[in-house]
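Overview (structure and organization)
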Amino acid sequence: MKSSTFPMLAAALAGATAVALGAFGAHALLGVLDERALVTWHTAVDYQFWHALALLAVGVLACFRITTALRVATLAFVVGIVLFCGSLYALALGAPRWIGAVTPLGGIALIIGWLALAVHAGRDAAPQ
């Protein structure tokens, strides 16, 4: 498998599910969830979209040169989407409040993903 395949596959799946979940929230959940829950749902969709694009960028970068930093970024973004967005979706749907303890862990994973991209960029820009 090419080094760019997994991040691009993850990006495609994250993007597709973000569209589906966004539509679901805008149509099926309207009138079912209160305003606060809908805002939480919308936040999850927004973060999922942005990080789907980040995964796509990782995949494109991996077409040129794979690095450990890009592998870390891929894993961190996937874990972050699952934990951060997943916990927000669950909370919006009425999951127990303790699920909210997972959200910051997902946020940390997303931050690690961006920092890993910075490491990749810093090493790529450094004179060889």
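Structure: see above.
Quick look at the structure, then. This structure is a prediction, so every number in the text was calculated from the model and none was measured.

Rules of the game
Residues numbered from 1 in each chain as written. Predicted model: local features only at pLDDT ≥ 70, side-chain atom pairs only at ≥ 80, totals over all residues. Heavy atoms only, no water. Phe/Tyr/Trp six-rings, centres within 6.5 Å; stacked < 30°, edge-to-face > 60°. Helix = DSSP H or I, 4+ residues; strand = E, 2+ residues; numbered from the N terminus. Buried < 20%, exposed > 50% of the residue type's maximum accessible area, 1.4 Å probe, protein only. Patch = residues over 30% accessible without salt bridge, like charges linked within 9 Å, V, L, I, M, F, W, Y side chains within 5 Å. Areas by Shrake-Rupley, 256 points an atom, 1.4 Å probe, with all protein chains shown as cover. Salt bridge = Lys/Arg side-chain N within 4 Å of Asp/Glu carboxyl O. Expected span 1.5 Å × (residues − 1). Contact = heavy atoms within 4.5 Å. Axes fitted to C-alpha atoms, helices over the stretch in contact; angles between N-to-C directions. Parallel < 35°, antiparallel > 145°, perpendicular 65-115°, else oblique. Left-handed = near helix turned anticlockwise from the far one by under 90°. Nonpolar A, V, L, I, M, F, W, Y, C, P; charged D, E, K, R; others polar.

Turning next to the packing of aromatic side chains. In the structure shown here, the tally under the stated rule is 4 aromatic pairs. A centroid spacing of 6.0 Å and a plane angle of 50° characterise the contact between Phe24 and Trp41, whose relative ring orientation is tilted. With Phe24 in helix 1 (residues 5-27) and Trp41 in helix 2 (residues 35-64), this residue pair connects regions lying 17 residues apart in the sequence. Judged by its relative accessible area of 38%, Phe24 falls in the partly exposed class. For Trp41, a relative accessible area of 5% translates into the label buried. Taken together, Phe24, Trp41 and Tyr89 form an aromatic cluster joined through their ring pairs.

Here we take up a nonpolar patch on the surface. A cluster of nonpolar side chains, contributed by Trp50, Leu53, Leu56, Val60 and Phe64, occupies part of the molecular surface with about 590 Å² of accessible area. With respect to the helices and strands, Trp50 occurs in helix 2. In this structure Trp50 comes out as exposed when scored by relative accessible area, which is 59%.

This brings us to helix 1. Given 3.6 residues per helical turn, the α-helix brings residues three or four places apart onto the same face. Relative to the 33 Å expected for 23 residues at 1.5 Å per residue, helix 1 spans 33 Å between its end C-alpha atoms, a close match to the ideal helical length. Residues of helix 1 that are buried include every one of Pro7, Ala10, Ala11, Ala14, Gly15, Ala18 and Gly25, and no others. Tucked into the core, helix 1 has its buried residues touching helix 2 and helix 3 (68-92).

This next bit is on helix 3. Given a rise of 1.5 Å per residue, 25 residues ought to cover 36 Å, and the 35 Å separating the end C-alpha atoms of helix 3 matches this to within 8%. Among the residues trailing helix 3, Gly94 stands out with phi positive, at a value near 100°.

A word on the packing of helix 1 against helix 3. One way to put it is that helix 1 packs onto helix 3 with a least axis distance of 10 Å and a crossing angle of 15°. Taken together, the axes of helix 1 and helix 3 lie roughly parallel to each other. Handedness of the crossing formed by helix 1 with helix 3: left-handed. From helix 1, Phe6, Pro7, Ala10, Ala14 and Leu21 reach across to helix 3, where they touch Thr74, Val78, Ile81 and Tyr89. When the residues that make up the contact of helix 1 with helix 3 are grouped by side-chain class, the tally is 8 nonpolar, 1 polar and no charged.

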